[in-house]
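Chain and residue survey
The residues making up each chain are set out below.
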Amino acid sequence: MSKSVKCYLECCKSSHPKIQLPHNLPVLIGRMPELAVTDKMCSRNQLELTANCQKKYVLVKRLGANKSQINGIDIEQNKSSRLEEGHELHIVNGKYPHQIYFTDENTDTKAQKSTISSSRIQTEKADISSKESVHKRQKVTSKTKAKKAKITLKENDSPSTDSVYTFNSPDAGTLSTQKLESKNTSRIPEKHHWSQGLRASMSDAELIVLEDEKLVVIRDKFPKAKYHWLVLPKEGISSTKNLTFENIDLLQHILKVGKEIANEVTDEDIAFRFGYHAVPSMSQLHMHVISQDFNSPCFKTKKHWNSFTTDYFVNATDIIQELATDGKVQDRKKLTSLLNAPLKCHRCKELQKNIPTLKKHIQKCCIVL
Ligand SMILES: [Zn+2]
Ligand SMILES: [Zn+2]
């Protein structure tokens with residue numbers, strides 16, 4: 001069976017139905033009712049989005065005069081930046097957050113599909129709940145309201161300009177597939193860094209970048225990229241395993257501060273990810289803020305690479321969603337096998353022979369975009 005991968009643009013605030021981005025066809029978005037964007041600062045043709053459904057990214061070109069952001073980083077005018085799953089796209093001036101996701105299932109026939117392997121089904125089921133929880137997370141207190149609003153939205157608004165939007169009906173069952181490799185479930189402890197000394201580092205003036213009454217931001221002593229910080233709550237929480245519903249506000253604050261730090265970076269075309277390792281170290285909860293260049297002498301091993309570029313690196317937003325939906329963070333022990341997965345470029349997914357080859361490749365691969 002041939003797979004047809006589809007790409008969707010989804011509103012993080014559930015203000016409008018998701019929008020399909022066809023493969024290799026530029027779609028213009030901006031101030032328009034279909035996106036519920038009314039801000040006059042936003043051009044009608046603010047962004048041109050071109051999906052690559054094979055390699056699973058979207059090229060975002062800013063046409064409008066005012067700024068748009070990917071993960072808080074401004075997109076330069078008339079230049080293309082790469083948007084990937086898990087990234088946050090702000091359509092104008094840090095407003096109107098959106099994300100993309102890919103699915104290689106036909107939503108109409110997915111229910112009858114019995115040919116896919118059971119492990120695959122599990123992955124996808126897990127993903128439905130995480131997609132749905134995007135909306136739950138936004139309004140934890142008025143879940144039903146948000147759902148209703150989503151359903152009553154018009155399914156096929158006619159586009160206000162003659163560009164090539166494809167508006168798809170909102171279908172909560174649409175899936176985004178994640179590549180999960182679970183060849184073995186042997187547990188390899190996360191010993192990525194000095195984690196035992198993490199609490200001590202929280203009071204190391206040399207490392208502290210920022211501090212407020214709830215958290216401390218420190219530089220990672222062994223940065224795996226040009227910019228690599230850790231955000232740690234002052235409250236003694238040892239790992240994501242101990243998180244509950246009550247920590248949602250704290251985690252949102254951690255993410256917000258992490259994004260603010262990343263926002264200070266003015267390098268061109270630098271993207272950041274914010275997240276936690278799947279199998280947390282024992283001593284102290286910490287969120288990584290890491291730039292996606294991975295240009296650092298401290299990044300030396302396959303484990304380093306895979307811990308930040310596979311599903312072993314869990315987006316902070318996913319953790320928050322899980323808490324909002326389930327009141328706890330799911331067990332990801334089986335993802336430890338990903339640390340031994342073959343080396344792949346995090347952008348184009350091309351296989352790499354070894355670390356030196358990978359390092360060379362990712363430098364070129366950054367320049368292309
Ligand atoms: Zn870590
Ligand atoms: Zn590449």
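Let me sum up the structure you'll find in this document. No experiment lies behind these values; they were computed from the predicted model shown. (Residues numbered from 1 in each chain as written. Chains lettered and ligands numbered in written order. Predicted model: local features only at pLDDT ≥ 70, side-chain atom pairs only at ≥ 80, totals over all residues. Heavy atoms only, no water.)

1. Things to note about the overall build of the protein
As a reminder of what qualifies: Put simply, DSSP marks the helices as runs of H or I at least four residues long and the strands as runs of E at least two long, and each gets a number from the N terminus on. Summary of the burial criterion: residues with accessible area below 20% of their type's maximum are buried, those above 50% are exposed, and those between are partly exposed, where the area comes from a 1.4 Å probe applied to protein chains only. Should any heavy atoms of two residues lie within 4.5 Å, those residues are counted as being in contact. Shrake-Rupley sampling with a 1.4 Å probe provides the accessible areas, and residues are treated as covered by the protein chains on show and by no other component.
Regarding its fold elements, the protein presents seven helices and 17 strands. Each of the 369 residues in the protein was classed as buried or not, and the buried ones make up 52%. Considering only intrachain contacts with a sequence separation of at least 6, the fraction spanning at least 24 residues in the protein is 61%. For the protein, the exposed area adds up to about 17,700 Å²; of that, 50% sits on carbon and sulfur atoms.

2. Some words on the pattern of salt bridges
Rules: Any Lys or Arg side-chain nitrogen found within 4 Å of a carboxyl oxygen on Asp or Glu counts as a salt bridge.
This model, assessed by the stated rule, comprises twelve salt bridges. K95 is the partner of D39 in a salt bridge, and the nearest nitrogen-oxygen pair spans 2.7 Å. Within this pair, whereas D39 is found in the loop between β3 (27–29) and β4 (47–52), its partner K95 is found in strand β10 (residues 95–103), the two being separated by 56 residues in sequence. In this structure D39 comes out as buried when scored by relative accessible area, which is 14%. The exposure class of K95 is partly exposed, given its relative accessible area of 39%. In this structure, E322 and R332 form a salt bridge, with 2.3 Å as the shortest nitrogen-oxygen distance. Taken together, the residues E322 in helix α6 (residues 316–326) and R332 in the loop between α6 and α7 (355–368) connect sequence positions ten residues apart. Each member of the pair E322 and R332 is classed as buried. A cluster of three or more residues bridged by salt bridges with shared partners is formed by E76, K79, E268 and D269.

3. Considerations on the state of the cysteines
Our working definition: Cysteine sulfurs are considered disulfide-paired once they come within 2.5 Å of each other.
For the structure shown, the criterion picks out zero disulfides. This cysteine, C12, is not joined by any disulfide, and C11 carries the nearest cysteine sulfur, 6.6 Å off. Residue classification places C12 among the buried positions, given a relative accessible area of 5%.

4. As for empty space enclosed by the protein
What counts here: Using only the protein atoms, space was sampled on a 1 Å grid; points where a 1.4 Å probe fits but cannot get out form cavities, open sets with protein on both sides within 12 Å along at least five of seven lines form pockets, and lining residues are those with an atom within 4 Å of a point. Grid points are joined across faces, edges and corners, and a volume is the space filled by probe spheres set on the points. Lys, Arg, Asp and Glu make up the charged group, whereas Ala, Val, Leu, Ile, Met, Phe, Trp, Tyr, Cys and Pro make up the nonpolar group; the residues left over, Gly among them, are polar. Boundaries of every domain are those given by an automatic assignment or by a domain database.
Taken as a whole and judged by the stated rule, the model has three cavities of 30 Å³ or more. Lining the largest cavity are 13 residues, and of these N71, G86, K259, F274 and T317 sit closest to its centre. Counting only elements with at least two residues in the lining of the largest cavity, the list comes to α4 (248–263), β15 (272–277) and α6. It is β15 that contributes the most residues to the lining of the largest cavity, three residues altogether. Of the residues contributing to the lining of the largest cavity, the split by class is four nonpolar, six polar and three charged. Two domains share the lining of the largest cavity, each providing at least three of its residues, namely domain 1 (6–118) and domain 2 (195–368).

5. Here we look at the coordination of the zinc ion (ligand 2)
Applicable threshold: Coordinating N, O and S atoms are those within 2.8 Å of the metal (3.2 Å for Na, K and Ca), and as water is not part of the atoms, a site may appear to have fewer donors than expected. Only four donors with every angle between 85 and 135 degrees are called tetrahedral; only four or six donors with opposite donors over 155 degrees apart and all others between 65 and 115 are called square planar or octahedral, in that order; all others are irregular.
Protein-derived coordination of the zinc ion (ligand 2) comes from C345 (SG), C348 (SG), H361 (NE2) and C365 (SG), at a distance range of 2.0 to 2.3 Å. Classification of the site at the zinc ion (ligand 2) as tetrahedral follows from its four donor atoms and the range of 101 to 119 degrees in their angles at the metal. Mapping the donors of the zinc ion (ligand 2) onto the primary sequence yields the spacing C-x2-C-x12-H-x3-C. Taken together, the residues C345 in the loop between α6 and α7 and C365 in helix α7 connect sequence positions 20 residues apart. On the basis of relative accessible area, C365 is assigned to the buried category, the value being 9%.

6. Here we look at the sheet that holds strand β14 (residues 228–233)
Within a sheet, adjacent strands bond to each other through the backbone by hydrogen bonds, running parallel or antiparallel. Filter applied, for reference: Paired strands are those between which DSSP finds at least two bridges. Each axis is a line fitted through C-alpha atoms, taken for helices only over the stretch in contact, and angles between the N-to-C directions span 0 to 180 degrees.
Spatial ordering of the open sheet is given by β12-β13-β14-β16-β15-β17, a layout of six strands whose pairing is antiparallel. Strands at the two margins of the open sheet, each flanked by one partner only, are β12 (208–211) and β17 (313–315). Across the sheet, the axes of successive neighbouring strands diverge by a mean angle of 30 degrees, strand direction being ignored. With four bridges joining them, β14 and strand β16 (residues 287–291) adopt antiparallel strand pairing. The partner of H228 across the bridge, within β16, is I290. With respect to the sheet, helix α5 (residues 302–309) is in contact with β14, β15, β16 and β17, its orientation differing from that of β15 by roughly 105 degrees.

7. What about the sheet that holds β3?
If you walk across this open sheet you meet the four strands as β3-β4-β5-β8, and the pairing is antiparallel. Looking at strand neighbours, the two that pair on one side only are β3 and β8 (80–83), the edges of this open sheet. The sheet shows a mean angle of 30 degrees between the axes of neighbouring strands, direction not considered. Note that β3 and β4 share three bridges and pair antiparallel. Each residue of the ladder has a partner; that of V27, found in β4, is L49.

8. Looking at the packing of aromatic side chains
Stated formally: Geometry of aromatic contacts follows a simple scheme: Phe, Tyr and Trp rings, the Trp one being its six-membered ring, pair when their centres are within 6.5 Å, and the pair is stacked under 30 degrees between planes, edge-to-face over 60, tilted otherwise.
Summed over all chains, the structure comprises nine aromatic pairs. Ring geometry for W229 versus F272: centroids 6.1 Å apart, planes at 15 degrees, classification stacked. Residue W229 is located in strand β14, and its partner F272 is located in strand β15; the two are separated by 43 residues in the primary sequence. You'll find W229 and F272 in the same group, each marked buried. In this structure an aromatic cluster arises from ring pairing among F294, F299, W305, F308 and F313.

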